[in-house]
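Reading the structure
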Amino acid sequence: MQLGPILINRRIAIALLVASAFFMETLDATIIATALPAIAKDFDIAAAHLSVGVSAYLVALTIFMPLSGWAADRFGARRVFSFAVLMFITSSVLCALSTDLLSFTASRILQGFGGAMMVPVGRLVVLRDTPKSEIVKAVAILTWPALFGPVLGPFLGGWIATHWSWQWIFLINIPIGLLILVITHFLIQPQSTPVRQKEPFDVSGFFMTGSGFGLFMAGVECLSA
């Protein structure tokens, strides 16, 4: 009977862990908005041109999200979640090291790919181990911290760009991501059942929907230029 509270506390801890990853993802969607002039000055381009870096991150999040569920079933949720966090950290470093618009946009796409795999798989880990009576509480824990990301992002981005340098907007993801990785190793257990061999991934459908949405966002970007 002593395992009940321990199990509940572990579920809450996992939910908070995934919520932290969700917060990191939503924060990066808006944190560069107020830092665009500083980045544009370093790249020697107009600040308006950097909007493609903002859009590239959001487009990558949307395009690659359908891949997350298939990957979790194929390779295991903990493994995919850890890989996604590591990818997010690596791409954040690449964003900080970028010296022009092309390398910055490519790094943001890679960052969006990591985020697209990270949060949905993390949610899957939480909801799979949560009884129906605790679903609402788990969803609240996952959602509420992430809501502060878009609110805090512009203020934090402007403050960092003014008092430090714009590179720190992305470098702050390193300690957060590494902490998430370490806690994941100890908190999230590997799957005890064999990983399911699902049907082959719908490659053609993935590319059609992804290219359709990508072209739509490219059109919106051209109209706003």
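Preceding this section is the structure that the text describes.
These remarks concern the structure in this document. Every chain is numbered on its own, with residues counted from 1 as its sequence reads. Residue-level local features of this predicted model are given only where pLDDT is at least 70; pairs of side-chain atoms are given and counted only at 80 or more, and the full residue set underlies all totals for whole chains, interfaces and linings. Side-chain figures throughout are based on the complete set of non-hydrogen atoms in the structure, without hydrogens or water.

**Description of the overall build of the protein**
Here is the rule we go by: Numbered from the N terminus, helices here are DSSP runs of H or I no shorter than four residues, and strands are runs of E no shorter than two. A 1.4 Å probe rolled over the protein chains alone gives each residue an accessible area, and that area as a share of the maximum for its type sets the label: buried under 20%, exposed over 50%, partly exposed in between. Using a 1.4 Å probe, accessible areas were evaluated by the Shrake-Rupley method; residue-level cover was limited to the displayed protein chains.
Regarding its fold elements, the protein presents nine helices and zero strands. For the protein, the N- to C-terminal ordering of α and β elements is α-α-α-α-α-α-α-α-α. Across the 225 residues of the protein, 41% fall into the buried class. If you sum the accessible surface of the protein, you get close to 12100 Å²; carbon and sulfur atoms cover 73% of it.

**Observations concerning unusual backbone geometry**
The phi torsion of most residues other than glycine is negative, and most of the peptide bonds are trans. One non-glycine residue, Asp 44, lies in positive phi territory at about 60°. One can find Asp 44 in the loop between α2 (36–43) and α3 (51–75).

**A look at helix α5 (residues 101–128)**
Put simply, the test is: To estimate how far a helix should extend, the number of its residues minus one is multiplied by 1.5 Å. In protein, a polar contact requires one atom able to donate a hydrogen and another able to accept it; more generally it is a pair of N or O atoms within 3.5 Å, and residues adjacent in sequence count only if both atoms are side-chain atoms.
Counted at 1.5 Å a residue, the expected span for α5 with its 28 residues is 40 Å, and the 41 Å between its end C-alpha atoms agrees. Capping of α5 at its N-terminal end is provided by Asp 100; its side-chain oxygen lies 3.3 Å from the backbone amide nitrogen of Leu 102.

**Section: helix α4 (residues 77–97)**
The first and last C-alpha atoms of α4 sit 30 Å apart over 21 residues, in line with the 30 Å expected at 1.5 Å per residue. Taken together, the buried positions of α4 are Ala 77, Val 80, Phe 81, Ala 84, Val 85, Met 87, Phe 88, Ile 89, Ser 91, Ser 92, Cys 95 and Ala 96.

**So, the nonpolar core**
To keep it simple, the criterion reads: Take the buried Ala, Val, Leu, Ile, Met, Phe, Trp, Tyr and Cys residues and link them wherever side-chain atoms come within 4.5 Å; each set so joined is a nonpolar core. For this analysis, residues touch if any pair of their heavy atoms sits within 4.5 Å.
Counting 36 residues, the largest nonpolar core has Ile 14, Phe 81, Met 117, Met 118, Val 126 and Ile 180 as the members making the most contacts within it. Mapped by element, the contributors of at least two residues to this core are α1 (3–30), α3, α4, α5, α6 (135–163) and α8 (173–187). If near-sequence neighbours (up to four positions away) are discounted, Met 117 is found in contact with Phe 64, Leu 67, Ser 68, Ala 71, Val 80 and Ala 84.

**A short note on empty space enclosed by the protein**
Test applied: Grid points spaced at 1 Å and placed over the protein atoms alone form the basis of the search, with a cavity being a set where a 1.4 Å probe fits but cannot get out and a pocket an open set showing protein on both sides within 12 Å along at least five of seven lines. Lining residues have an atom within 4 Å of a point. Grid points are joined across faces, edges and corners, and a volume is the space filled by probe spheres set on the points. Residue polarity follows a fixed list, in which Ala, Val, Leu, Ile, Met, Phe, Trp, Tyr, Cys and Pro are nonpolar, Asp, Glu, Lys and Arg are charged, and the others, Gly among them, are polar.
Tallied over the full model, the rule gives two cavities of 30 Å³ or more. Considering only enclosed or pocket space, the largest cavity measures out at about 120 Å³ in volume. Forming the walls of the largest cavity are 10 residues, and the residues nearest its centre are Arg 11, Ile 12, Thr 130, Glu 134 and Ala 138. Looking at the lining of the largest cavity, the elements that each hand over two or more residues are α1 and α6. With four residues, α1 is the single largest residue contributor to the lining of the largest cavity. Here the lining of the largest cavity is composed, by residue class, of six nonpolar, one polar and three charged. Approximately 40 Å³ is the volume attributed to the second largest cavity. Lining the second largest cavity are Arg 10, Arg 11, Ile 14, Val 125, Val 126 and Asp 129. Broken down by secondary-structure element, the contributors of at least two residues to the lining of the second largest cavity are α1 and α5. Among the elements that line the lining of the second largest cavity, the one with the most residues is α1, at three residues. Of the residues belonging to the lining of the second largest cavity, the class tally is three nonpolar, no polar and three charged.

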